[in-house]
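This is what each chain is made of:
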Amino acid sequence: MSVDTGGKVILREHFHQAAWNEPLIVELGRAGRRGVVPPDAGEELRSQVGDVLGGTPVGLRRRQPPVLPELSQPEVVRHYTRLSQMVLANNVAVNLGLGTTTMKYNPLINEVLSRSPKLTELHPAQDESTVQGILELLYRFGEMLSEISGMDRFTFQPAGGSQGILANALMMRAHHAANGQASQRDEVITTIFSHPANAAAPATIGFKVITLYPGREGYPELDALKRAVSERTAGLMITNPEDTGIFNPQIAEFVRVVHDAGGLCAYDQANANGILGVTRARDAGFDMCQFNLHKTFSVPHGCMGGAVGATGVQKDLTAFLPSPTVEFDGSRYYLDSRRPASVGAIRSGLGNVQSVLKAYAWVRSLGAEGLREAAHMAVLNNNYLAAKVTAIRGASLSFADENPTRRLEQARYSWERLAAETGVHTMDVHNRMIDFGVQGYFTSHHPWLVPEPFTLEPAESYTQEELDEFAAVLERVADEAYSDPETVKTAPHRSTAAAPVPRAQEHPAMTWRAFQELRRQGLV
Amino acid sequence: MGDQAAKASHPYIPNAVPTVKAQMLAQVGVGASEDLYDVIPPPLRLGRLLDLPEALVSEYDLRRHVEGLLARNRACDELLSFLGAGCWQHAVPAVCDEIGSRGEFLTGYHDGSRSMLGSYQAQFEFQSMMGELVGMEMVSTTTYDWGTSAASSLIMAAQITGRREVLLPRTISPGRLRQINTICGPTLSVRLIDYERESGSLDLAALRSALSQETAAVYLEVPAYLGTLESRAPEIGDLARQKGALFIVGVDPSSLGVLAAPRDYGADIVCGDLQPLGIHMSYGGGQAGFIATPHEDRFIATCPTLLVSILPTERPGEYVFDWVNFEHISYGLRADSHDFAGTAQTIWAIVAGVYLALMGPQGMRELGETIMQRRAYAAARLGELDGVVAPALNGACFKEFVVNFDGCRRSVAEINAGLLERGILGGKDLTDEFPELGRSALYCVTEIHRKEDIDRLATALAEVLR
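The rules we used
- Residues numbered from 1 in each chain as written.
- Chains lettered and ligands numbered in written order.
- Predicted model: local features only at pLDDT ≥ 70, side-chain atom pairs only at ≥ 80, totals over all residues.
- Heavy atoms only, no water.
- Salt bridge = Lys/Arg side-chain N within 4 Å of Asp/Glu carboxyl O.
- Helix = DSSP H or I, 4+ residues; strand = E, 2+ residues; numbered from the N terminus.
- Buried < 20%, exposed > 50% of the residue type's maximum accessible area, 1.4 Å probe, protein only.
- Pairing = 2+ DSSP bridges.
- Contact = heavy atoms within 4.5 Å.
- Axes fitted to C-alpha atoms, helices over the stretch in contact; angles between N-to-C directions.
- Domains from an automatic or database assignment.
- pLDDT = per-residue confidence, 0-100.
- Buried area = accessible area lost by both parts, 1.4 Å probe.
- Polar contact = N/O pair within 3.5 Å; in protein donor to acceptor, adjacent residues only side chain to side chain.
- Nonpolar A, V, L, I, M, F, W, Y, C, P; charged D, E, K, R; others polar.

Visitor: What is the right way to look at the pattern of salt bridges in this model?
Guide: Pairing between side chains of opposite charge can happen when the charged atoms of each approach one another. Under the criterion given, the structure shown has 57 salt bridges over all chains. A salt bridge links Glu98 of chain B to Arg102 of chain B; its shortest N-O distance comes to 3.4 Å. The closest approach of N and O atoms between Glu436 of chain B and Arg170 of chain B, which form a salt bridge, is 2.3 Å. Taken together, the positions of Glu436 of chain B in the loop between strand S13 (428–429) and strand S14 (440–444) and Arg170 of chain B in the loop between strand S3 (165–169) and helix H8 (174–184) put the pair 266 residues apart, joining distant regions of the chain. Through salt bridges with shared partners, a single ionic network connects Glu13, Arg432, Asp435, Arg476 and Glu480 of chain A.

As structure tokens, then:
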């Protein structure tokens, strides 16, 4: 007989996050303690080489030892283990609130595989004959992403989504330079609901950036794009669905308009989790794209990285890909660095290879049907949750009046009514949610076009019960906002630390030494 | 997925269980999950399954498959490697592996320190310890690697000085130079300053004549890519300052227990890589960059990463930590920024912090000493071989040194092939990167190389060169 609990909804009324009151590591330790001992060179070797430090140029000799803490090994282990317990991470708590970041399950087998010495102890300059296994994995995974996107070649060098976007901007530039139009085509068009890097990365390499704002239905209007394109257009850098979860149904027309103007189209696929195996970048006409393997492809986020912005292009642009590329001659895999048209190197080595391995393992575990199932379930989860969230007093779905149709894998909501009726703002709600043992939510990238925003992305990894739990927490906090707003506004009450003192951010200090100095000056 | 096992719900997709899925579809009001995609125009919908390899739903099958691929690698723990050149094999303490694999650090992202105090505190602690190592009060969150942090430091200098030319030593790592050209090339003018062939030192006359009112920064690497220690680093900093340019120093932090903090010889910005601090090489995946500066507004305002600050709370002695420049970089400014900030390499900053906490001042000093002793021994042993000059540059070195084989009949590639037959990865071939050095290779020796390992290299080289 099978056991089905019927999906009981849990509300963790008595949750309390670990609060260790753990001092800073620089406040710990005693002179003379140590955590590890480097291997000694041995008397015989030492006597043969003599005083090596004496040969160091005088101006480069360290005169004062660095002021590092002096700790025994158990102290270090306890300190960092305590710190780790004060992180409401994805494999501890439901993290579906972090919209736009695709917090999904990070399979442990992939971690185990990535920690094999057969990977961790590889040097990037090793003879190719000694790294055939990892080169084959990279090559094969490039082929898989090509199939998933419709592109022709991929690079894994970009070590983050933003670096992938930068790679695409560089390749756009290289393409136009090859046509003698580098100085003429100096404008990149993006949208306000695309990740900020789609504006910032092209700007950093000298492009002017035109930003399209959403029309009434939540996505930019074709006419706005037509007004923006010209003989100066280098290309379009866009997300779809955008961070609102709204899919732009005119995307192929967008691409056509930009192509007609002589520009290229780059698809930021940070939000691809709902469309794997459903629709492909190349089929909408895009020339280039990037997948965030740390989002869509299950690679853990590492509290802000290591990440991979796997970047793919259609065949006319492969010459511009960063170098080296991984090639296969039918019997052996090798690196090709002699690619004169390449935009060069984006990152050292071949990128975060250990993360690529995890993404590869995820795709191999799921296969084609599994990948499509993951996408379908992410979208189903989102629409299921949306029905619950929009029923909560004070909450609404952005652009719902003009565009009530579906959202794909995520949705942006608003507490505008809640704020107007209770004075409780979106960050207040966020902080109160933590008291119930779920991770808070992501509001929105700036600017906040949707007032009092929150963005939820319930990836395929969450159970129906967890979606119910999350909605129940939101509902509970919204109810409190009406009945007891002070409790919400002073939250969290069961978390790790108190709130910073008012205006603490006016005097930032990025090191303990800087903080001590500010304190000496009476500024903090 | 035609087989029986695959028909069950996949372990990573809980709601794919038919009864659960049906219940949810009913609540959403659609008949099938395909109907959820009615917003996508039919011509854009893929009317077929992706052509991907068969699913390996069983974890055991997946493990066997991936391990089978990895088995075709021969790693540096089975070979004896003398490769360095920006990615270095060091001893990784077990504590670093343990903390770096903790699920809480590994699977968290970012949501402010009200729910993630621990990761923000670990990040801040890393910054504080790194600051002590390089002598700076302001340390960034991670960049992707040394090359990216060098490129970003140059862009900072251009913003601060309002100038557009940067001067780099010609001994710079060719890989980092490629990155700098890629990232800065479109907006800055990058000029290389030649070096003295005997010592590897920067040609100061060439530097003096290149410095001008257009110079935004002089960038130096200590140790240099070719392993040498620039004895005139303080003078180079002075020359830069006299022209109103910033002095940027790229460092290998594993040297800083014995080498001076760059701030002490005048660096305005320090950048470098964290990989040698307790992080496995992982075929280059272990790289992570940082930027460090004095605590001054001009640096804080132009630093192109998110910055994590300590913030006191109402409870005495208690702190929280948060991003403080969100509005001042691309997250807030979008196209009006000079960065492409985003998810970078934070897990390695946490690990590097663990490493520094374990090592302490004494460990860092002993590390530097033992490395320099072993490196000196290796250079002496190789220098005894007929036709081999080691070190080929006559300045002091840290853990790497150039070995010249011009007196031998074989190319570096042939020599390395011979070494590989004997289970040894010889030094990085410099023949193409620095043709003026002749048939040369860059050898790296760290604390992992025992005397017997170095003797084994010398014996093998003697055989290969015979």
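After presenting the structure, the write-up continues.
Visitor: What am I meant to see in the pairing of S14 of chain B here?
Guide: If a strand is regular, its side chains alternate between the two faces of the sheet. Residue and element names in this part refer to chain B. Among the 5 residues of S14, 5 are classified as buried, and the element is accordingly described as predominantly covered. Residues Ser440, Leu442 and Cys444 point to one face of S14 and Ala441 and Tyr443 to the other, with burial holding for every one of them. Strand direction decides the pairing type here: strand S11 (residues 400–404) and S14, joined by 5 bridges, are antiparallel. What sits directly across from Asn404, in S14, is Ser440.

Visitor: Explain the sheet that holds S11 of chain B here, please?
Guide: What holds strands together in a sheet is hydrogen bonding between their backbones, with the strands either parallel or antiparallel. All names here are of chain B. The antiparallel open sheet is built from 3 strands, whose spatial order is S11-S14-S13. Both edges of this open sheet fall to S11 and S13, since each of them pairs with a single strand only. Helix H13 (residues 346–383) rests against S11 and S14 of the sheet, and its axis sits at about 5° to S11. Against the sheet, helix H14 (residues 412–421) engages S13 and S14, with an angle of about 40° to S14.

Visitor: What's the story with the domain arrangement of chain B in this structure? I'm lost.
Guide: One frequent convention defines the size of an interface as the accessible area lost when the parts assemble. Taken as a whole, chain B is organised into domain 1 (4–70), domain 2 (80–89 + 361–465) and domain 3 (94–356). Using only C-alpha atoms to locate each centre, domain 1 of chain B and domain 3 of chain B end up separated by 43 Å.

Visitor: Please clarify how the confidence of the model for chain B should be interpreted in this entry.
Guide: Chain-level statistics for chain B give a pLDDT mean of 96 and a share of 98% at 70 or above. Below pLDDT 50 for its whole length, residues 1–6 of chain B participates in 10 contacts with residues either more than four positions away or in separate chains.

Visitor: Looking at this model, I keep getting lost on the sheet that holds strand S5 (residues 215–222) of chain B. Mind explaining?
Guide: All names here are of chain B. Pairing in this open sheet of 7 strands is mixed, and the strands run S2-S8-S7-S6-S5-S3-S4 from one edge to the other. Taken across any chain shown, the strands that pair with only one partner, and hence form the sheet edges, are strand S2 (138–139) and strand S4 (189–193). Note that S5 and strand S6 (residues 246–251) share 6 bridges and pair parallel. Residue pairing for S6: Val222 is matched across the bridge by Val251. Sitting on the sheet, helix H10 (residues 233–242) is in contact with S5 and S6, with an inclination near 145° to S6.

Visitor: I keep staring at unusual backbone geometry and nothing clicks. Help me out?
Guide: Residues and elements named next belong to chain A. A cis amide bond links Gly305 to the next residue, Gly306, at an omega of 5°. Among the structural elements, Gly306 can be located in the loop between strand S6 (288–292) and strand S7 (309–313). Cis geometry marks the peptide bond from Ser323 to Pro324; its omega dihedral reads -5°. One non-glycine residue, Met304, lies in the positive phi region at around 125°. Structurally, the position occupied by Met304 is in the loop between S6 and S7. Residue classification places Met304 among the buried positions, given a relative accessible area of 7%.

Visitor: Hey, could you run me through the interface of chain B and chain A in this one?
Guide: Taken residue by residue, the interface counts 188 residues in chain B and 210 residues in chain A. Interface of chain B and chain A: buried area, both sides summed, is about 17,500 Å²; carbon and sulfur atoms make up 64% of it. Ranking the residues of chain B by area buried against chain A places Arg114, Tyr283 and Arg334 of chain B at the top, with a combined share of 7%. Connecting chain B to chain A are 9 salt bridges. For Glu366 of chain B, the salt bridge goes to Arg34 of chain A, with nearest N and O atoms at 2.6 Å. If you look at where chain B meets chain A, you find 93 residue pairs in polar contact (both at pLDDT 80 or more). Here the element with the most residues in the side of chain B that touches chain A is H13 of chain B; it accounts for 24 residues. Classifying every residue of the side of chain B that touches chain A gives 99 nonpolar, 49 polar and 40 charged.

Visitor: Looking at this model, I keep getting lost on the environment of Ala368 of chain A. Mind explaining?
Guide: Following the sequence through the fold, Ala368 of chain A ends up in helix H10 (residues 353–389). Setting aside anything within four residues of it in sequence, one finds Ala368 of chain A in contact with Leu49, Leu50 and Leu52 of chain B.

Visitor: What's the story with helix H9 (residues 251–260) of chain A in this structure? I'm lost.
Guide: One turn of an α-helix holds 3.6 residues; hence residues three or four places apart share an orientation. Residue and element names in this part refer to chain A. Taken together, the buried positions of H9 are Ile251, Ala252, Phe254, Val255, Val257 and Val258. On its buried face, H9 sits against strand S3 (208–212), helix H8 (222–228), strand S4 (233–239) and strand S5 (264–268). Immediately beyond the C-terminal end of H9, within one or two residues, lies Gly262, with a positive phi of roughly 95°.

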